[in-house]
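What the coordinates show
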Amino acid sequence: MELKTLIDENKLNQRIKELADEINNDFTCDEPVIAICILKGAVMFYAELMKHLKMPVKMEFVRLSSYGNSKTSSGKVSALNISLPPLENQKVLVVEDIVDTGLTLNFLLNYIKEKGQAKEVKLVTLFDKKCARKYNVHPDYCAFDVDNKFIVGFGLDNQEFYRNIPYIGYIE
Ligand code: 5GP
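The structure contained in this document is the topic of the report that follows. (Residues numbered from 1 in each chain as written. Predicted model: local features only at pLDDT ≥ 70, side-chain atom pairs only at ≥ 80, totals over all residues. Heavy atoms only, no water.)

Re helix 3 (residues 103-114)
Taking 1.5 Å per residue as the helical rise, helix 3 with its twelve residues ought to reach 16 Å, and the 17 Å between its terminal C-alpha atoms agrees with that figure. All of the buried residues along helix 3 are Leu-103, Thr-104, Leu-105, Leu-108 and Ile-112. On the buried face of helix 3, the contacting elements are strand 2 (33-39), strand 3 (57-65), strand 5 (91-99) and strand 6 (120-128). Positive phi shows up at Gly-116, right after helix 3, with a value of about 115°. (Helix = DSSP H or I, 4+ residues; strand = E, 2+ residues; numbered from the N terminus. Expected span 1.5 Å × (residues − 1). Buried < 20%, exposed > 50% of the residue type's maximum accessible area, 1.4 Å probe, protein only. Contact = heavy atoms within 4.5 Å.)

In structure tokens form, the structure reads like this:
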């Protein structure tokens, strides 16, 4: 299958640095943040973003899936691993690869709410596919808007392949 480049590695990393600068400006530099990575898709974005954050960060990982092996949302979230430390009175930064219908984030935000009153919960996503939104979820920080293409690379997969590719591509 031929992959067309949508965003190259330089542009991705440059934009992620800009996003980290925005986050650094909004958060105080001495207050700890629990940064939650939604696996597997956000893995590359998360790793790159974390390098540039200036405040003390605790790194946490959850594994959720709503796409399975398909190119569209199943409409159901599988929580494959969702163990998190207590979030009561903590600042939380949720890191997602792409917000599509918003189902996955909606699920995680409800879960976080059930775990007690966090001090603040912010959402950062690499991509926002606004045209597909079905749930009332609004990222606080977004690197790129994307239209209704199925994109891969930089953590994003097609049937588990392409995650290791260092740029964003799409399959024609
Ligand atoms: P949502 O729950 O918002 O409908 O979907 C979010 C998840 O669907 C993302 O974390 C990602 O795993 C997957 N997804 C949505 N759009 C795309 C896409 O264009 N490409 C890939 N590879 N995954 C996508």
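We are not done yet, so read on.
A few points about the side chain of Thr-104
Examined against the element boundaries, Thr-104 turns out to sit in helix 3. The contacts of Thr-104, once residues within four sequence positions are left out, are Ile-38, Leu-64, Ser-66, Val-77 and Glu-96.

Some remarks on the packing of helix 1 (residues 9-26) against helix 2 (residues 43-52)
It is at 9 Å that the axes of helix 1 and helix 2 come closest, and there the two elements cross at 50°. When the axis of helix 1 is compared with that of helix 2, the two are oblique. For the pair helix 1 and helix 2, the crossing hand works out as right-handed. Listed contacts from helix 2 to Asn-13, Ile-16, Lys-17, Leu-19, Ala-20, Ile-23 and Asn-24 of helix 1 are Phe-45, Glu-48, Leu-49 and His-52. (Axes fitted to C-alpha atoms, helices over the stretch in contact; angles between N-to-C directions. Parallel < 35°, antiparallel > 145°, perpendicular 65-115°, else oblique. Left-handed = near helix turned anticlockwise from the far one by under 90°.)

Topic: the sheet that holds strand 3
Ordered by their spatial adjacency, six strands build an open sheet running 4-3-2-5-6-7, and the pairing between neighbours is mixed. Either end of the sheet is taken by a strand with one partner, and the two such strands are strand 4 (78-81) and strand 7 (141-145). On average, adjacent strands in this sheet sit at an angle of 25° to one another, irrespective of strand direction. Strand direction decides the pairing type here: strand 2 and strand 5, joined by five bridges, are parallel. (Pairing = 2+ DSSP bridges.)

Details of the pattern of salt bridges
For the structure shown, the criterion picks out 15 salt bridges. Linking Lys-17 and Asp-21 is a salt bridge whose minimum nitrogen-to-oxygen distance equals 3.0 Å. Placement of the pair is Lys-17 and Asp-21 together in helix 1, with a separation of four residues, close to one helical turn. You can call Asp-21 partly exposed: its relative accessible area is 29%. A salt bridge links Arg-163 to Asp-157; the shortest N-O distance between them is 3.5 Å. Of the two residues examined, Arg-163 and Asp-157, each falls in the buried class. (Salt bridge = Lys/Arg side-chain N within 4 Å of Asp/Glu carboxyl O.)

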